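Coordinate inspection notes
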Protein chains: 2
Amino acid sequence: MSGWDRAALEALDGADPLAGFREQFQLREGLIYLDGNSLGALPRRTLARLEQTITQEWGEGLITSWLGADWINAPRRVGDKIARLLGAEPGEVVVADSTSVNLFKAITAALSLRPERTVILSETGNFPTDLYMMQGIAAFSGGRVRAEAVAGDMVLDRLGADVAVLLLTQVHYKTGAVRDMAEVTRRAHEAGALVIWDLSHSAGAIPVDLNGAGADFAVGCGYKFLNGGPGAPAYLFAARRHQAKAVPVLSGWMGHADPFAFEDAYRAAEGIERFLCGTPPILGVAALECGIDLIAEADMAALRAKSLQLGRVFMDLMDEHCAGLGFALVSPREDARRGSHVSYAHPEGYGMMQALKERGVIGDFRDPDVLRFGITPLYLRHVDMLEAVLRIREVCETRAWDDPRWAVRAAVT
Amino acid sequence: MSGWDRAALEALDGADPLAGFREQFQLREGLIYLDGNSLGALPRRTLARLEQTITQEWGEGLITSWLGADWINAPRRVGDKIARLLGAEPGEVVVADSTSVNLFKAITAALSLRPERTVILSETGNFPTDLYMMQGIAAFSGGRVRAEAVAGDMVLDRLGADVAVLLLTQVHYKTGAVRDMAEVTRRAHEAGALVIWDLSHSAGAIPVDLNGAGADFAVGCGYKFLNGGPGAPAYLFAARRHQAKAVPVLSGWMGHADPFAFEDAYRAAEGIERFLCGTPPILGVAALECGIDLIAEADMAALRAKSLQLGRVFMDLMDEHCAGLGFALVSPREDARRGSHVSYAHPEGYGMMQALKERGVIGDFRDPDVLRFGITPLYLRHVDMLEAVLRIREVCETRAWDDPRWAVRAAVT
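Residues take numbers from 1 onward in each chain, read along the sequence in its written order. Chain letters start at A and ligand numbers start at 1, both assigned in the order the entries are written. At least 70 in pLDDT is required for a residue's local features to be given in this predicted model, at least 80 for side-chain atom pairs to be given and counted, and no such filter applies to totals for whole chains, interfaces and linings, which use all residues. Calculated side-chain values reflect all of the structure's heavy atoms, with hydrogen atoms and water omitted.

With an unreviewed UniProt entry as reference, chain A is termed Kynureninase, source organism Novosphingobium sediminis. UniProt positions are given in the numbering used here, feature names are shortened, and annotations may be inferred rather than shown by experiment. The annotation that UniProt attaches to chain A under Sequence similarities (unreviewed entry) is "Belongs to the kynureninase family." Under the Cofactor (unreviewed entry) heading, UniProt states for chain A: "pyridoxal 5'-phosphate".

Topic: the packing of helix α4 (residues 74-86) of chain A against helix α10 (residues 282-296) of chain A
Residues and elements named next belong to chain A. Whenever a helix is involved, its axis is fitted only over the stretch in contact; in every case the axis is a line through C-alpha atoms, and angles between N-to-C directions fall within 0 to 180 degrees. Secondary structure counts use DSSP, requiring at least four H or I residues in a row for a helix and at least two E residues in a row for a strand, with both numbered from the N terminus. It is the contact of α4 with α10, at a shortest axis distance of 10 Å, that shows an interaxial angle of 25 degrees. Of the possible angle classes, the one that applies to α4 and α10 is roughly parallel. The interaxial crossing formed by α4 with α10 has left-handed handedness. Here Ala 74, Arg 77, Val 78, Lys 81, Ile 82 and Leu 85 of α4 come into contact with α10, specifically with Val 285, Leu 288, Glu 289, Ile 292, Asp 293 and Ile 295. In these notes the angle categories are as follows: under 35 degrees is roughly parallel, over 145 is roughly antiparallel, 65 to 115 is roughly perpendicular, and the rest is oblique. Throughout, a crossing is termed right-handed when the near helix is turned clockwise from the far one, and left-handed when it is turned anticlockwise from it by less than a right angle. Residue contacts are defined here by distance: any two heavy atoms, one from each residue, within 4.5 Å place the two residues in contact.

So, the domain arrangement of chain A
All names here are of chain A. Domain boundaries assigned for chain A yield domain 1 (6-30 + 299-406) and domain 2 (48-296). Domain borders in the structure are assigned automatically or taken from a domain database. Summarising the inter-unit geometry, the C-alpha centres of domain 1 and domain 2 are found 30 Å apart. In this complex, domain 1 contributes 25 residues to the contact, which on the side of domain 2 involves 18 residues. Values labelled buried area give the accessible surface lost by two parts on being combined, using a 1.4 Å probe and summing over both. With both chains or domains summed, domain 1 and domain 2 bury close to 1,700 Å², and 66% of this area falls on carbon and sulfur atoms.

Regarding the UniProt feature "modified residue: N6-(pyridoxal phosphate)lysine" (unreviewed entry) in chain A
Residues and elements named next belong to chain A. Taking the UniProt record as the reference, the feature "modified residue: N6-(pyridoxal phosphate)lysine" (unreviewed entry) is found at Lys 224. Tracing the sequence through the fold places Lys 224 in the loop between β9 (217-220) and β10 (235-238). What Lys 224 contacts, discounting residues up to four positions off in sequence, is Gly 36, Asn 37, Ser 38, Gly 40, Ser 200 and His 201.

A word on the packing of aromatic side chains
Only rings of Phe, Tyr and Trp enter the pairing, Trp through its six-membered ring, and a pair is recorded when the two centres are within 6.5 Å. The plane angle decides the type: under 30 degrees is stacked, over 60 is edge-to-face, the rest tilted. One pass over the structure, following the stated rule, counts 32 aromatic pairs over all chains. Ring centres of A:Tyr173 and B:Phe262 lie 5.5 Å apart, and the angle between their planes is 25 degrees; on these two criteria the pair is classed as stacked. Highlighted residues: A:Tyr173 in the loop between β7 (163-169) and α8 (181-190) and B:Phe262 in the loop between α9 (240-243) and α10 (282-296), drawn from two different chains. Burial here depends on accessible area, computed with a 1.4 Å probe over protein chains only, as a share of the maximum for the residue type. Under 20% is buried, over 50% is exposed, and the range in between is partly exposed. Residue class for A:Tyr173 comes out buried when judged on its relative accessible area of 4%. Following the ring pairs from residue to residue traces out a cluster consisting of A:Phe127, A:Tyr173, B:Trp253, B:Phe260 and B:Phe262. Two conditions define a charge located above a ring, namely a distance within 6 Å from the ring centre to NZ of Lys or CZ of Arg, and an angle within 35 degrees of the ring normal. The residue whose ring lies beneath B:Arg144 is A:Phe140, and the NZ or CZ to ring-centre distance is 5.3 Å.

Examining the relation of the copies chain B and chain A
Between the two copies of this chain, the relationship is a rotation about some axis together with a displacement along it. In superposing the copies, a least-squares fit is computed on C-alpha atoms, taking residues whose pLDDT is at least 70 in both. Superposing chain B onto chain A takes a rotation of 180 degrees combined with a translation of 0.0 Å along the rotation axis, leaving an RMSD of 0.0 Å. The transformation just described matches what one would write down for a two-fold rotation axis. Both copies contact each other with a shared surface, as 100% of the interface residues of chain B are interface residues in chain A too.

A few points about the interface of chain B and chain A
Between chain B and chain A, the residue contacts involve 84 residues of the former and 84 residues of the latter. Summing the contributions of chain B and of chain A, the shared interface buries around 7,400 Å²; its carbon and sulfur component is 70%. If you sort the residues of chain B by the area they bury against chain A, B:Trp58, B:Tyr132 and B:Phe140 come out on top, with a joint share of 12%. Here a salt bridge means any side-chain nitrogen of Lys or Arg lying within 4 Å of a carboxyl oxygen belonging to Asp or Glu. Where chain B touches chain A, the interface holds 2 salt bridges. For A:Glu60, the salt bridge goes to B:Arg28, with nearest N and O atoms at 3.9 Å.

As for the nonpolar core
Residues grouped as a nonpolar core are buried Ala, Val, Leu, Ile, Met, Phe, Trp, Tyr and Cys residues, joined through side-chain atoms within 4.5 Å. Within the largest apolar cluster, 302 residues are counted, with the highest numbers of intra-cluster contacts made by A:Leu86, A:Phe217, A:Phe314, B:Leu86, B:Phe217 and B:Phe314. The contacts of B:Phe314, once residues within four sequence positions are left out, are B:Leu34, B:Val342, B:Tyr344, B:Phe373, B:Met385, B:Ala388, B:Val389 and B:Ile392.

Thoughts on the pattern of salt bridges
Where charged atoms from two side chains of opposite charge approach closely, those side chains can pair. The full count for this structure, using the stated rule, is 70 salt bridges over all chains. The partner of A:Asp364 in a salt bridge is A:Arg366, with the nearest N and O atoms 3.7 Å apart. The same class applies to A:Asp364 and to A:Arg366, which are both buried. The partner of B:Arg333 in a salt bridge is B:Asp319, and the shortest N-O contact between them spans 3.1 Å. Note that B:Arg333 is positioned in the loop between β11 (328-329) and β12 (341-345) and B:Asp319 in helix α11 (residues 300-322), a separation of 14 residues in sequence. Looking at B:Arg333, the relative accessible area reads 42%, which means it is partly exposed. By relative accessible area, which is 38% here, B:Asp319 ends up partly exposed. Here the salt bridges do not stand alone but share partners, grouping A:Arg49, A:Asp70, A:Arg77, A:Lys81, A:Glu289 and A:Asp293 into one network.

Regarding the sheet that holds strand β14 (residues 364-366) of chain B
All names here are of chain B. Paired strands, in this sense, are two strands between which DSSP finds at least two bridges. Spatial ordering of the open sheet is given by β11-β12-β15-β14, a layout of 4 strands whose pairing is antiparallel. Of all strands in the sheet, those bounded by a partner on one side alone are β11 and β14. Direction of pairing for β11 relative to β12: antiparallel, over a ladder of 2 bridges. Paired with Ala 328 across the bridge in β12 is Ala 345. Packed on one face of the sheet, α11 meets β11, β12 and β15 (370-374) and runs near 25 degrees to β12.

Observations concerning the sheet that holds β10(A)
Residues and elements named next belong to chain A. Taken in spatial order, the 7 strands of this open sheet run β4-β10-β9-β8-β7-β5-β6, and their pairing is mixed. Pairing within the sheet leaves two strands with one partner each, and these edge strands are β4 (93-95) and β6 (146-150). Pairwise comparison of adjacent strand axes, ignoring direction, gives a mean angle of 20 degrees for this sheet. Sheet analysis places β9 next to β10, joined by 4 bridges and oriented antiparallel. Across the sheet, Phe 217 pairs through a bridge with Ala 238, a residue of β10. Where α8 meets the sheet, it contacts β7 and β8 (194-198), and its direction lies at approximately 155 degrees from that of β8.

Take a look at the structure:
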């Protein structure tokens, strides 16, 4: 017995101070959505905001909305709101581009601050785009810098006089394991390196304190726990002390000190705006702002507490109902080391996730055998954990993964 | 007399085969919108499409819409539609990122195909972001490549054994002058250089034949004549013959040969997909697709003929009504050399444009003294040209630019 029967879970839901947030989202009855760490659910307020942005700001205001609807400051305005979730100051975060493109900006900015060093360091098994962007920069540098990835537990030992920048994800996309941001940053700084934190699985899910940790740069995506919508714009953090010296390689007109002077020569803006590049994606920024405004209404400590409790309940129920069915816990069981998703390996993982989706439990499959369950405290209930585990057990008992439709994996998982 | 009285213009509107398109746009009565080359008007169909994308695809479909609503192929699907406007083949155009970021991709891709050459060449006075992106790449190359801009009429003479890539805008953002794409491309190829065409003021406004001209790369924005909305995603063209050899520097996960294999090492996708980088911005792509679908219903030759006629009418009426009021035509008068906007220099240009906006005539001001009037054939009428010119004359006669509100120029013009 896990101790979590339905009545106990309903009691927890009844006492949940965050329970009211669920109705702020469009979530159909019966669905257990455990994929808010891939694509967050739709805040109900987003549709009205987009209608206004489209018909009033674009349709009526037309070009005058760059000033009239403050489109021109949207990347900075929404960046300042995100900053409050990250332990950053106003003027240290800007919304722009994709996480991948922002990784490029942050890595090259860090390299410009450590011109005598030659290594971009990360861990093997980091989220692929982090590694790929490093590799692209190294290849283009013509031998000046190298991209190097070592096993996660070897990263700190690898720090040395040649390492310019260390790129790590705070919450690992597959395992959910959390890095100690303050300690890693301290160690990297001791070795003379800068650190870039990928916060894609952190922001809006766990408390983040970039300035408390002395972080240099950070990036993250808007479409997971921030509920900004599919392919939402991403964000970039640059500590204020680095801004005036970091050289933007993606030196587009929106990062110019005076974009509408239309000068021939690039002059970087003084502050965080130098990390802007092209024209900001207004529809995407508007949707993202709705997600940010919503999560800003929640207390981050309460979110973290509920996320951890939901994760514990889920693992306890898996222990109780699915023991001996082939699951191996991939995520850390210890609260302090676990982010806001719980992953299990299972040899039938791919087919199992397809069968679960048909039964209204949506999570992710990640190569080669990982089932990833996102624990979004803003809209999940404690009883959802029980319902999900019971459906997982049913899939196992009926071997529902044995289905010719899933014999070949889809290109998108 | 220009010969264009109101009755004659109304007759032209009555016989206009494209007249029906106007009602496909949200345009308030009395507004003369001459800024479709900065931000295209809102197609009426866009709101319903976004409502569906938000509430059905995102809200209901959630993560499953990557396959279920074909989000994953949206950049390629919409790219293929844009290709038809550009004289390109399916699989040669992809929707992604901003024009600035795509410039970076195209320039670095071209450099990878001409590794023995050292110069990125453009013209002074090109749209700033084109020059800035060149400068950023040169600075990051550590001396390996140089960015060089020469006067527009010297560009072809500057071609030489050191020029790797020539970057030009087909229709100049300020003057509206059109480059001969086929001839310039031929001359560049003779000199061993590749050419990147910026089509931001061309696509959807004038016929473009990239493959007919033997073009190598092209980029362009989605928010001008394509009516994709503020900050709409941009597009990139890479001729098929270059795709397998061009090295992507922005090597993000969506450009990987197998993104969902989550491999540690980057392997570029075979085709145009290697120019993808981060997760595609689905809301922006959906809005862009509405604009593309609408313009695809029009005959491009008819669009060009109407655009040229509207431009001629506008210049004739300016000659008739505004002679001696201080205007100097900046754009080519000759049809073959003029794109789809008409610009005039005037010493009071900034204040005049503010006064015009208050009188319902919206155009652009461009430093230092240029009034730019976009001629969008999809939704402008011949009578609009007369109405605009009469209001311009009224502003001059009343010296309406003399207004303390406009004594200091706004940061955004």
